[in-house]
Amino acid sequence: MKKSLQAALSSCHICPRGCGINRLEGKKGFCAAPLLPKVALVSVHEWEEPPISGTKGSGTVFFSHCNLRCVFCQNHTISQENRGKEISVKRLSEIFLEQQERGLHNVNLVSASHFIPQIAAALEIARNKGLSIPVVYNSNGYEALEGLHMLDGLIDIYLPDFKYWDNTLGRQYSSAPHYAETTAKAILEMRRQTKTDVINEKGLMERGLIVRHLVLPSHYKDSFLVLDWIRKFLGTDTWVSLLNQYTPMYRAADFPKIARRLTTFEYEKVTEYFLEIGLKNGFVQQRSAATAEYTPIFDLSGVVSADTFHQQ
């Protein structure tokens, strides 16, 4: 059974941190997120996976704050430094409709887990006012079932990361205890909600699941274990996006094993293993994707009103 917005926020357990704080009273937990949704950028994203960005782009909505502490985060100015602007649930619903009015293929909610109750309410409002394009939930994978249950029936496409299989890496690089088993349960729930993948005649995903995995330098063998889990529990037809875009940003220089770019050898070993174990549907990236140039500029475009929107 879904919780109401008030019930969920009066004792916050919507992510695996389970802080239990009363956000209605202004208390802040691990993510330090406020009561109102906080957004840093509303933009057009043309570099997501092809079934997401298509020809017109994906309507990204970047949320501030995060329930992870990834030392290599390329969006650290909003995830860790919390740049952004608090807006009302009503304004958030308007943003969703504005993305549709721009003719974009979908609304893409980026790093939104700590605002799930508010987003669910905004989506209900927007749907009642005519929102009909698919909604993408673009996640770091570290999700609680309680939060995901609030999204059941509201999300069309789940786009989660599966960052690590070795929980030592999850603790060291993201301050995330039990990352692997937590993410595994979350992705299985995402699969339950979306059931099967639907891709239309234009090659756009209308419903489904794409699992992302960022290959890390020095840890490509951990990638093998993530792919093994996908094959065993989700099946060989699962869409998997193998990311070659790792760039040592933020605090990565403090961690010698990831203080460099990924080598061609490391990435090719993972793509070869993908094929070796029989996975069929995947996306790969060129080495040129590993640059800070693709990091958005979080200047609040599109957050306050449509007049401030520009293509990112």
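Values in this document were obtained by computation on a predicted structure and should not be read as measured data. (Residues numbered from 1 in each chain as written. Predicted model: local features only at pLDDT ≥ 70, side-chain atom pairs only at ≥ 80, totals over all residues. Heavy atoms only, no water.)

Student: Explain the overall build of the protein chain here, please?
Tutor: A count of helical and extended segments in the protein chain gives ten helices and ten strands. Relative to a compact globule of 312 residues, whose C-alpha radius of gyration would be 20 Å, the protein chain shows 18 Å and is just as compact. For the protein chain, the spread of C-alpha atoms along the three principal axes comes to 50 × 45 × 40 Å. Partitioning the intrachain contacts of the protein chain with sequence separation of at least 6 by distance along the chain shows that 72% fall at a separation of at least 24. Counting only carbon and sulfur atoms, one obtains 52% of the accessible surface of the protein chain, whose full area is about 13000 Å². Computed over 35 positive and 32 negative side-chain charges, the separation of the two mean positions in the protein chain equals 4 Å. (Helix = DSSP H or I, 4+ residues; strand = E, 2+ residues; numbered from the N terminus. Rg over C-alpha atoms; globule rule 2.2 N^0.38 Å. Contact = heavy atoms within 4.5 Å. Areas by Shrake-Rupley, 256 points an atom, 1.4 Å probe, with all protein chains shown as cover. Lys, Arg positive; Asp, Glu negative; His and termini not counted. Charge placed at Lys NZ, Arg CZ, Asp CG, Glu CD.)

Student: What's the story with the side chain of Thr182 in this structure? I'm lost.
Tutor: In this fold, Thr182 is placed in helix H8 (residues 179-194). By relative accessible area, Thr182 is classed as buried at 17%. (Buried < 20%, exposed > 50% of the residue type's maximum accessible area, 1.4 Å probe, protein only.)

Student: Got a minute to help me understand the confidence of the model for the protein chain in this structure?
Tutor: Caution applies to low-pLDDT parts of the model: their predicted coordinates are not meant to be read in detail. Residues at a pLDDT of 70 or more form 95% of the protein chain, whose mean pLDDT is 94. Note on residues 306-312: pLDDT is under 50 here. Beyond four places in sequence and across chains, it has 25 contacts. (pLDDT = per-residue confidence, 0-100.)

Student: What should I look at first to understand the packing of aromatic side chains in this one?
Tutor: Two numbers describe a pair of aromatic rings. These are the distance of the centres and the angle of the planes. A complete count under the given rule lists 16 aromatic pairs for this structure. An angle of 70° between the planes, with centres 5.3 Å apart, marks the rings of Phe62 and Phe298 as edge-to-face. Taken together, the residues Phe62 in strand E2 (residues 58-63) and Phe298 in the segment after strand E10 (281-283) connect sequence positions 236 residues apart. As far as burial versus exposure is concerned, Phe62 and Phe298 are alike and both buried. Three or more aromatic residues joined by ring pairs form one cluster here, namely Tyr142, Phe162, Tyr164, Trp165, Tyr173, Tyr179, Trp229, Phe233 and Phe255. Above the face of the Phe30 ring, Arg17 is positioned so that its terminal group lies 3.7 Å from the ring centre. Above the plane of the ring of Phe30 lies Arg69, whose end atom (NZ or CZ) is 4.1 Å from the centre. (Phe/Tyr/Trp six-rings, centres within 6.5 Å; stacked < 30°, edge-to-face > 60°. Lys NZ or Arg CZ within 6 Å of the ring centre and 35° of its normal.)

Student: What is the right way to read the pattern of salt bridges from this model?
Tutor: Applying the stated rule across the entire model yields 13 salt bridges. The salt bridge partner of Glu25 is Lys27, with a shortest N-O separation of 3.7 Å. Residue Glu25 is classed as exposed on the basis of its relative accessible area, which comes to 56%. Here Lys27 falls in the partly exposed class, since its relative accessible area comes to 44%. Close ionic contact of Arg192 with Glu189 constitutes a salt bridge, the shortest N to O distance being 2.8 Å. Within this pair, Arg192 and its partner Glu189 are both found in helix H8, separated by three residues, close to a single helical turn. Exposure remark for Arg192: the relative accessible area of 40% places this residue in the partly exposed category. (Salt bridge = Lys/Arg side-chain N within 4 Å of Asp/Glu carboxyl O.)

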